[in-house]
Amino acid sequence: MLKEYKKLKLIKKTGKKSLSIIKVKKLEIGGDKIILIAGPCAIESEKQLDKIAKELSKSGVKLLRGGAYKPRTNPYDFQGLGEKGLKILKKIADKYGMATVTEVMDTKDVELVSKYADILQIGTRNMQNFALLKAVGKTKKPILLKRGMGSTIEEFLSSAEYIMKEGNSNVILCERGIRTFEDNTRNTLSLATVPTVKTLSHLPIIVDPSHSTGEVELITPMSKAAIACGADGLMIEVHTNPKHALSDGYQSILPKEFKNLTEEIKPIIKAVNKTLQ
Ligand code: PEP
Ligand code: MN
């Protein structure tokens, strides 16, 4: 099945190598800890992010997400605030003592995004942008690598290898769903990827139930399932006013729904012998 896997070196789980734990400020991603990453799809304004982060910090979120460079299908849709958005993200995260993750879409922005963010996100559409993978591989920042929506597990792991080959071993994988014939959900969440990656690689893997389902009702059940099958964490889109969100409002949950989700996953986290950080 995995034809080229034997050529990969750095991502491989070998007998001697223990599971990687990626450090982000005081947080640890991997091992026996569960990380919750939450925030809006896009940073829209300081007021918007402050409102959301305030609620999320009350729910114990320590890693704030939000896009400043948005990969939109439609060129007329909101493209993100760029550097202004990065500044807002840093300011608000500092206010609530959170770490941050945000997407970098272009090699020319890697340095700038690295100045403001704690984790650089490579989005699904750029999973095989090899120039970008090499560029983030040259930084010392942890990288959140999202699975390409049309990529196999082997291609996903090969992209992680590209980053590691440049010297950056701080890679966190993220399963965010793949394109199939099923159009009832935005994508098809391939949960089998999680235990598969766990047998093949020492890298941590989290699940994004928001982009993989595109349905608010499915986010809590798939979050529970993700933890149950071994995911190291979740990344979830949260907005205080989903109807008026500038991006992905239809799949964004309210802060109070997110709080309920954190309660509902607690028994699952306990059952897999992990702790929520
Ligand atoms: C995102 O997380 O903001 C995003 C655009 O996700 P994906 O690249 O998985 O579509
Ligand atoms: Mn989104």
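Note that the coordinates shown come from a computational prediction; the quantities given were computed from them, not determined experimentally. (Residues numbered from 1 in each chain as written. Chains lettered and ligands numbered in written order. Predicted model: local features only at pLDDT ≥ 70, side-chain atom pairs only at ≥ 80, totals over all residues. Heavy atoms only, no water.)

## Considerations on the coordination of the manganese ion (ligand 2)
Surrounding the manganese ion (ligand 2) are the protein donor atoms Cys-41 (SG), His-211 (NE2), Glu-237 (OE) and Asp-248 (OD), at 2.0 to 2.3 Å. The motif formed by the donor residues of the manganese ion (ligand 2), counted along the single chain, is C-x169-H-x25-E-x10-D. On the criterion of sequence distance, the pair formed by Cys-41 in the loop between β3 (33–39) and α1 (46–58) and Glu-237 in strand β10 (residues 233–237) is long-range, its members being 196 residues apart. Residue classification places Cys-41 among the buried residues on the basis of a relative accessible area of 2%. (Donors = N, O, S within 2.8 Å, 3.2 Å for Na, K, Ca; no water. Helix = DSSP H or I, 4+ residues; strand = E, 2+ residues; numbered from the N terminus. Buried < 20%, exposed > 50% of the residue type's maximum accessible area, 1.4 Å probe, protein only.)

## Notes on the pattern of salt bridges
Enumeration according to the criterion identifies 20 salt bridges in this entry. Note that Lys-7 and Glu-4 form a salt bridge whose closest N and O atoms lie 2.5 Å from each other. A relative accessible area of 60% means that Lys-7 is categorised as exposed. In this structure Glu-4 comes out as partly exposed when scored by relative accessible area, which is 36%. As a salt-bridge pair, Glu-28 and Lys-33 come within 3.3 Å of each other at their nearest N and O atoms. For Glu-28, a relative accessible area of 23% gives the class partly exposed. You can call Lys-33 partly exposed: its relative accessible area is 24%. (Salt bridge = Lys/Arg side-chain N within 4 Å of Asp/Glu carboxyl O.)

Don't take any of this as a statement about function, it's just geometry.
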